[in-house]
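What the coordinates show
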Amino acid sequence: MEDHGDKERLRHLEEHVLGMMEYLQELLLDLPIPVVIPEVVDDNDKPVREAVLALDRARVLIEDEPIPERHKRAYESLILEWFTAYEMLVLRQMAGPAPWRLDAAQFAIARFTIIAAMIEDGDIAES
């Protein structure tokens, strides 16, 4: 059964995931060969199919960037963490409340934040 706290948490996580998408759009534009992710949203400010597909395509395009391999892997991980969080929230909307879905989304958001900080700080390990 869904309670008010669950709905509030879901809304907060959805807003966070949208902010992550905006961050990714800016970050990918700053690459040596800019990668454009459209700012397409639906009536509820949720990314729609075109933006999601463009973000998946970015994973392929990053391979051609003139940056070190470890940076390519960091960008790819960042995108995959976004997908993980987004998919968990979509699944939550489609399949209904389950405590692990929001927990998994929150955990992906945390990993995204750590990877993003490493990219910004230039602190990406060789491994």
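Everything below is about the structure shown above.
On a predicted model such as this, the values are computed, not experimentally measured, just so you know. (Residues numbered from 1 in each chain as written. Predicted model: local features only at pLDDT ≥ 70, side-chain atom pairs only at ≥ 80, totals over all residues. Heavy atoms only, no water.)

It is worth spelling out the overall build of the chain at this point. The number of helices and strands found in the chain is four helices and zero strands. For the chain, the sequential pattern of α-helices and β-strands runs α-α-α-α. For the chain, the proportion of its 127 residues judged to be buried stands at 38%. Of the roughly 7700 Å² of accessible surface on the chain, a fraction of 55% belongs to carbon and sulfur atoms. (Helix = DSSP H or I, 4+ residues; strand = E, 2+ residues; numbered from the N terminus. Buried < 20%, exposed > 50% of the residue type's maximum accessible area, 1.4 Å probe, protein only. Areas by Shrake-Rupley, 256 points an atom, 1.4 Å probe, with all protein chains shown as cover.)

Turning to the packing of helix α2 (residues 49-61) against helix α3 (residues 69-95), a few remarks are in order. Put simply, α2 and α3 touch, their axes get as near as 9 Å, and they point 150° apart. Comparing their axes, α3 and α2 come out roughly antiparallel. Of the two elements, α2 crosses α3, and the hand of that crossing is left-handed. Residue-level contacts link Val 52, Leu 55, Asp 56, Ala 58 and Arg 59 of α2 to Glu 76, Ile 79, Leu 80, Trp 82, Phe 83 and Tyr 86 of α3. (Axes fitted to C-alpha atoms, helices over the stretch in contact; angles between N-to-C directions. Parallel < 35°, antiparallel > 145°, perpendicular 65-115°, else oblique. Left-handed = near helix turned anticlockwise from the far one by under 90°. Contact = heavy atoms within 4.5 Å.)

The next point concerns the packing of aromatic side chains. By the definition in use, this model includes three aromatic pairs. Measuring from centroid to centroid gives 5.5 Å for Trp 82 and Phe 83, while their planes differ by 70°, and the two rings are edge-to-face. Each member of the pair, Trp 82 as well as Phe 83, carries the same accessibility label: buried. Put simply, the rings of Trp 82, Phe 83 and Tyr 86 pair up and form one aromatic cluster. (Phe/Tyr/Trp six-rings, centres within 6.5 Å; stacked < 30°, edge-to-face > 60°.)

Functional significance is not addressed by these values, which are geometric in nature.
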